[in-house]
Every structure is written in C-alpha cells, then in structure tokens.
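Observations on the three-dimensional arrangement
Below are the chains, spelled out letter by letter.
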Amino acid sequence: MLLRRRTWRSINTVTDHDPGNLRIVPGIRNAFGVVLPLVFGLISQHVLSGVGISAGALVSGFAGTAGTARRRTRTMLLATLWMTVTTLVGAIAGAHTWLIVLLTMVSGWIAGMMIGVSAAAGQVGLLSTNALILISTSPQSPSGAFYRAGLVLAGGLLQMAIMIVVDLCTTDSAEADAVTQVYNRLATYARDRTRDTDLAVATALVDADATLRDSYMRMPARAKLYRLLNAAEQVRFYVVALVEMAKGRAYTSQRDESSTAALNALRRVSSIVEQVGGDVWAFAAGRNRTLSTFELLVQAASELEELAEQMQGDVCAHVRAIAVALRQLHRDLSERTVWHLPAEARESIGRRLKKAANSFLSHLTFHSATFRHALRASGAMGLGMLAARALPWQHAYWLPLTANIILRPDFTATFGRGIARVIGTVAGILLATVLMVGVHDKTGMFGSLLIVVFAAAMYMLVNFNYALFSCALTAETVVLLSFFERAPAFVTMEDRLLDTVLGSFLAFLVYLVWPTWQYREIHSVIADAVAAQRTYFHAVFKTLRDPQGTSPSPRNFQSQRSAVRVSRTNAAVAIRQMLNEPVGPTWNPHTLLGVLVAIHRLSDTLLSIEAYVLERRIEEPIGEDVVEIGLDIERGLNLIETIIRRNATETLGDKRGRERAVTAAFAIDVDLAQQDVIARAFVRMDNTAWTIVRMLQMDIVASNI
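First, a word on scope: everything that follows refers to the structure included in this document.

1. Focus: the overall build of the protein chain
Summing up its helical and strand segments, the protein chain has 27 helices and 0 strands in all. Taking all 705 residues of the protein chain together, 54% fall into the buried category. Looking at the protein chain alone, contacts between residues at least 24 apart form 80% of all its contacts between residues at least 6 apart. Carbon and sulfur atoms form 61% of the exposed surface of the protein chain, whose accessible area is close to 31,000 Å².

Here you go:
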C-alpha cells in the first residue's frame with residue numbers, strides 16, 4: 001500500500017508546473033538563434049554547416065533561459081566553450097567504441113559532480129555531455145573535427161550575441177523581478193498567514209539575495225534594489241510580530257481585541273506592500289514613474305501612521321514601525337548619495353572560483369549524495385553508449401541522451417522526469433506526425449514554420465513543465481529529421497519512442513540498483529536546520545542579555561537569518577522528496593513535520609523579538625529568570641539536534657538547570673498576560689523546544705519496540 005501510494009504521488013508530479021517559469025521572451029529569442037543558421041545554410045547551399053551552427057545554438061540556448069544577465073552570459077559562455085571541446089573530442093573518438101564509451105563516462109561523472117557546485121555548473125556539465133553524445137555519432141578526421149567544433153562554437157556565440165542584444169533592447173530585469181517577488185510573497189503572507197506562505201517568503205528572500213549577488217547591474221540601481229530588499233526584510237519582522245498577535249500567541253491562547261486589531265492592520269499592510277512591490281523597478285531605475293512612486297511611499301507611511309493612531313499597545317507600535325521603515329526607505333532612495341554594495345555582493349572572481357573548487361572537492365566521498373549520483377550517471381552513460389553502438393537503429397544515440405537528461409540525484413525527480421519524458425515523447429511524436437502527414441507541404445514553408453514554433457515552445461516550457469517540454473522537443477526533432485534528412489515521419493517516430501523508453505528504463509534501473517534514498521539523509525538535513533536555528537537564537541539571546549552592546553539594525557543577524565531560511569527551505573524540500581519515495585522512512589514523517597513546524601514557529605518568534613529590538617523598546621537586559629529559560633531553550637535545541645543527528649535517545653542533561661528553568665517558566669506562565677513580550681516569547685519557545693524533545697524520544701522508543 002505504501003509503495004503504491006507513494007509511487008502514484010511521484011507520478012502526479014508530472015502535472016506540476018510553475019507559471020513563473022514560462023519564459024516567453026527567451027523562447028522566441030532562442031528559437032531565432034536556432035532557425036537563423038538553418039535559413040543561412042539553405043540559402044547559401046551549405047546545409048550541413050548551417051545544421052552544425054544551429055546545433056551549437058540549440059544546445060547552448062538552454063543555458064540562457066533564466067537568471068540575471070551575468071549568470072546567463074557566464075553559463076552560456078562556459079557551456080559553449082565546453083561543448084566545443086567535447087565536440088572536438090567526440091568527433092575524433094567517435095570511431096572507437098571503447099574510447100568514446102570511456103570519455104562519455106568521464107563526462108557524465110564530471111557533470112554529476114558539478115551539480116554539487118551549483119545548479120548552473122550542473123547545467124553546463126549536462127549540456128556538454130549531451131553534445132559529446134550527439135557528435136560522437138558522426139566521427140570525423142582531425143581536420144573535420146576542428147571544423148565541426150568551430151561550427152558549434154559559432155552557434156553558441158551567435159546565441160549568446162542575440163541574448164545580449166535582446167537584453168540591451170528590453171527593460172526586463174531578473175534582479176527587479178526577484179525583489180518584486182519578495183514583496184508579493186510578503187503581501188500574500190500578511191493576507192493568508194499560513195506556513196506555506198511563510199516558507200514562500202523565506203524562499204523568495206533566498207532567491208533575491210542570490211540574484212542580486214550575481215549581477216552586472218549598474219551600481220545605483222543594484223544598490224537601490226538591495227535597499228528595497230533590506231526594507232522588505234525589515235517590514236517582515238513587524239508583519240511576523242503582527243501575525244503572532246493575530247494568532248493569539250502574543251498574549252494568551254484566547255483571541256482578544258489585540259488579535260482583531262492585528263488582523264485589520266495586516267490586511268492594510270498587505271495591500272501597501274503589494275503596491276510597493278509593483279513599483280520596484282521604477283524605484284531602482286528612476287523611470288518616468290519615479291515621482292508618483294516616491295509619493296506612494298510617503299502616502300503609504302501616512303496611512304499606516306493614521307492607522308496606528310487608532311490602535312493601542314504592541315499593534316500600534318508595530319504598525320508605526322512599518323511606517324517608519326517606509327519613510328526611511330523613501331529617504332534612502334530619494335537622496336543623492338554615494339551608493340555602496342554590501343560586502344557579500346563584492347566577492348572577487350578568485351574567491352568564487354576557490355569556493356567552487358572547495359565545494360567540488362568536498363563531495364569526493366562516498367558519504368556524499370552528489371558523488372554517488374555522479375557514479376550512477378557515469379555508469380548509465382557507459383551502458384547507454386554501449387547499447388547505442390550495439391543496436392541497429394539509426395538514432396540509437398537518443399538512448400544515452402535520454403538517460404543522461406532523466407537521471408537526477410533523487411528518486412522523485414528521476415522517476416517523475418522519466419514518466420514525463422515518455423508521455424511527452426509519445427505526445428510530441430503524434431503531434432508532429434499528424435501535422436507533417438496531414439498537411440501537404442510542397443514548398444517547405446509549413447515545415448519551416450513548425451521548426452520555429454516548436455523551437456520557441458521548447459525553450460518556453462523547459463522550466464515550466466517537463467512533460468510539455470519533452471513534447472515540444474520531440475516534435476522539433478521529428479520535424480528537423482523529416483525536413484533535412486528527408487526521413488519519413490513514421491520511421492523517425494518509431495526510433496525516437498523506442499530509444500526514449502529504453503533510456504528511461506536505464507535511468508530507473510541504474511538508480512534502483514544503487515539508490516540514494518532521502519530518508520537516509522533526512523536526519524542530517526533536519527539537524528542542520530535545528531543547528532542554524534540554535535545559532536540564530538543564540539545571537540538574539542546574547543543581544544537581549546546586553547542590549548546596549550550593539551545598536552539596533554536589521555543587518556545585525558542577517559547571516560543567521562539567511563542560514564535559517566536556506567536550511568529550512570532545504571529541510572522542507574527533503575521531507576517532500578522523502579514522502580514521495582517508495583520506501584518507509586526510519587523516522588515518523590509526522591514527527592519530522594512537527595520539527596519543521598517548530599522551526600517555523602521559533603523563527604517567527606525570533607523575528608517578532610527583533611521587531612521589538614528595532615523599535616528600541618528593549619533597553620534593559622532581560623531578567624535572570626528569563627535568562628534561565630533562554631539557557632534551557634539552548635539546551636533543548638542542542639538536544640533536538642543531537643537526537644536527530646544520532647538517531648538515538650539522550651538524557652536530559654543538566655537536571656538542576658532544567659529544574660530551575662521549569663520553575664522560572666512556571667512562575668512566568670502563571671500570569672502570562674502581565675509579563676513583558678520577551679518573557680512570554682521565551683516561555684513559548686521553551687515549551688515548543690521541549691515538546692519536540694519529548695516527541696522525538698517517544699518516536700525512537702516506539703520504533704524500537
């Protein structure tokens with residue numbers, strides 16, 4: 001039952017899609033780069049040269065579909081250069097089966113290892129291995145190999161040049177879009193207040209920070225976007241504090257007038273944040289809308305100040321603090337000043353290369369899931385190339401090509417992509433065949449139109465939905481082969497379908513022979529999230545014990561908050577992958593989800609405490625009773641991490657310290673509503689931490705019975 005239910009859940013991922021990843025402009029742009037060399041080849045009577053350039057443009061185009069201009073240019077350039085090398089090597093070694101099999105295995109291993117460096121590096125490795133497989137099917141002499149490599153290089157550079165020209169002619173900005181996404185997600189969280197929307201804000205903040213770090217944007221606009229991002233994070237503190245009050249956690253378990261006031265404030269804040277997010281690019285670039293945009297900030301701050309006048313207590317303070325943050329943002333963006341980037345955005349190329357090399361070397365161990373994936377990919381490439389050489393089919397190279405594209409480090413992606421690939425291939429074959437056979441194309445105009453349409457759709461859908469992308473890719477391949485090789489559509493259809501099915505089966509088989517089940521890694525991922533949360537708590541706790549030691553600033557705990565966001569996002573993804581695997585986990589999934597929810601709650605509480613610190617409402621050190629509870633929270637978080645990482649029950653540690661903390665927490669909890677916000681927050685965090693400890697211990701005891 002478990003196997004059937006989870007396998008069906010993995011199959012359901014075939015329909016997953018992300019509207020934000022439907023890339024219209026990159027699709028049209030890349031399609032133009034693919035078709036232009038084909039047209040040139042037909043007109044100049046150099047069809048093979050045109051096809052060679054088009055092949056380089058086709059493969060390199062996948063490296064330029066998403067991200068900042070800097071990332072797309074770098075990734076496309078690296079992919080083009082590496083593809084040129086693999087084309088040269090593949091064209092020379094293609095005549096020797098043993099040599100090309102060995103080289104493909106090495107290329108597959110390197111591509112698998114580069115996933116551990118970054119997603120962009122993994123994409124470069126994947127595209128280069130695909131180029132090696134494709135070119136090896138038509139061996140050349142050394143001079144012919146250099147000529148083919150030159151054509152691929154020309155195609156990649158052509159695609160990159162078209163991308164740069166289009167970027168210069170458009171006002172679209174991945175950096176501004178990323179910051180806009182933060183404001184939109186924050187507005188949604190203020191309105192809906194669920195764990196999913198909270199996680200979406202954290203993910204958007206991580207993505208926006210990574211995007212702004214990897215950018216060629218000019219200094220003033222980029223620095224302004226950083227200021228907008230920091231303002232959004234600052235507003236988030238107060239939004240989280242208001243959400244805590246709206247849920248009745250700030251005082252007692254009962255909803256009261258403050259909860260109702262917080263809900264009203266959140267609705268208004270949501271609308272204002274969404275309006276600010278809609279004008280992010282105008283703020284940064286200084287377009288014609290700048291004056292009205294700046295007026296929006298002033299007007300929004302005034303509205304919030306009027307709203308604060310109608311409220312009392314903490315709700316009034318939080319709403320007023322958001323107004324202050326918006327006015328400060330208005331001053332920062334409107335004043336003429338020398339703009340500076342944060343230190344993390346000024347990282348040198350040498351330091352980045354060193355970090356990439358260290359990341360690659362750190363995965364050279366069998367304990368690394370990336371290393372095991374690289375070995376699987378290498379084995380799959382070897383078996384796939386041997387099968388392609390042994391089979392009598394004309395296009396048998398699609399077998400290792402399919403296996404290379406489908407095989408991923410986790411089961412869910414491998415299985416889901418495999419099913420999507422087969423479904424998309426069948427649909428693409430049927431679609432292209434019906435169009436090619438049903439329409440009598442004597443002039444070739446209809447075939448040319450199909451090449452353009454399917455090429456554009458292929459790039460538009462590559463990150464939107466894998467089944468639809470496979471459909472467009474297959475249809476494009478069928479039309480190209482039928483158009484240039486004059487191969488009947490039905491023959492092309494049969495070869496493509498058989499190779500896809502066998503390639504998918506090979507990827508499944510290789511993964512299942514030596515699987516990397518997420519349930520074996522989940523304890524480490526969750527423990528890392530708890531450790532990041534403990535570090536964040538310790539930094540805030542230290543400040544509360546000596547509030548005069550540091551001046552209030554949103555950047556005080558930025559590195560700790562960022563680590564919590566990344567680890568929490570990784571943990572959520574890991575749990576989702578584990579639940580889709582056809583094997584039962586060691587830990588009770590409900591327990592792990594409980595730990596993740598607790599991390600969410602602790603993060604929210606700490607963010608609300610930061611809101612009070614930024615409002616300068618905490619000037620005196622916290623009392624000894626609260627310090628005792630804080631130490632108990634740290635003991636609890638240490639214990640949670642130890643239990644999860646070691647998968648074993650632990651003693652409760654310092655019993656006397658624990659008894660003193662329980663006594664202090666009980667004394668505060670007797671009249672919770674009369675205590676200050678820090679005491680209430682610490683009691684809640686202490687209860688949450690030790691509830692998780694007991695739940696973990698009970699889960700381990702139950703699993704050992």
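2. Things to note about the environment of V240
Relative to the helices and strands, V240 is located in helix α10 (residues 219-246). C-alpha of V240 to C-alpha of L607: the two residues are 367 residues apart in sequence and 6.6 Å apart in space. Setting aside its immediate chain neighbours within four residues, V240 contacts Y189, D604, L607 and S608.

3. Comments concerning the nonpolar core
Counting residues in each nonpolar core, the largest one holds 162 residues, and the members touching the most others are Y183, V239, I609 and F682. Among the elements that make up this core, the one with the highest residue count is α10 (17 residues). Contact partners of Y183, with chain neighbours within four places excluded, come to L228, A231, A232, V273, V276, G277, V280 and L329. Residues V35, I429, A432 and A475 belong to the second largest nonpolar core, which totals 10 residues.

4. Re the packing of helix α3 (residues 47-60) against helix α7 (residues 142-169)
Packing of α3 against α7 brings their axes to within 7 Å, and their N-to-C directions diverge by 50 degrees. Comparing the axis directions of α3 and α7 gives the class oblique. Along this stretch, α3 crosses α7, giving a crossing that reads as right-handed. The segment α3 lies against α7, with L48, S49, G52, I53, G56, A57 and S60 engaging Y147, L151, V152, A154, G155, G156, L158 and Q159. Considered class by class, the residues forming the contact of α3 with α7 number 8 nonpolar, 7 polar and no charged.

5. Examining a nonpolar patch on the surface
A contiguous nonpolar surface patch, about 540 Å² in accessible area, is contributed by F366, F505, L509, V513 and W514. Among the structural elements, F505 can be located in helix α21 (residues 489-513). Assessed through its relative accessible area of 51%, F505 is described here as exposed.

Definitions and cut-offs
- Residues numbered from 1 in each chain as written.
- Predicted model: local features only at pLDDT ≥ 70, side-chain atom pairs only at ≥ 80, totals over all residues.
- Heavy atoms only, no water.
- Helix = DSSP H or I, 4+ residues; strand = E, 2+ residues; numbered from the N terminus.
- Buried < 20%, exposed > 50% of the residue type's maximum accessible area, 1.4 Å probe, protein only.
- Contact = heavy atoms within 4.5 Å.
- Areas by Shrake-Rupley, 256 points an atom, 1.4 Å probe, with all protein chains shown as cover.
- Core = buried A, V, L, I, M, F, W, Y, C linked by side-chain atoms within 4.5 Å.
- Axes fitted to C-alpha atoms, helices over the stretch in contact; angles between N-to-C directions.
- Parallel < 35°, antiparallel > 145°, perpendicular 65-115°, else oblique.
- Left-handed = near helix turned anticlockwise from the far one by under 90°.
- Nonpolar A, V, L, I, M, F, W, Y, C, P; charged D, E, K, R; others polar.
- Patch = residues over 30% accessible without salt bridge, like charges linked within 9 Å, V, L, I, M, F, W, Y side chains within 5 Å.
- Salt bridge = Lys/Arg side-chain N within 4 Å of Asp/Glu carboxyl O.

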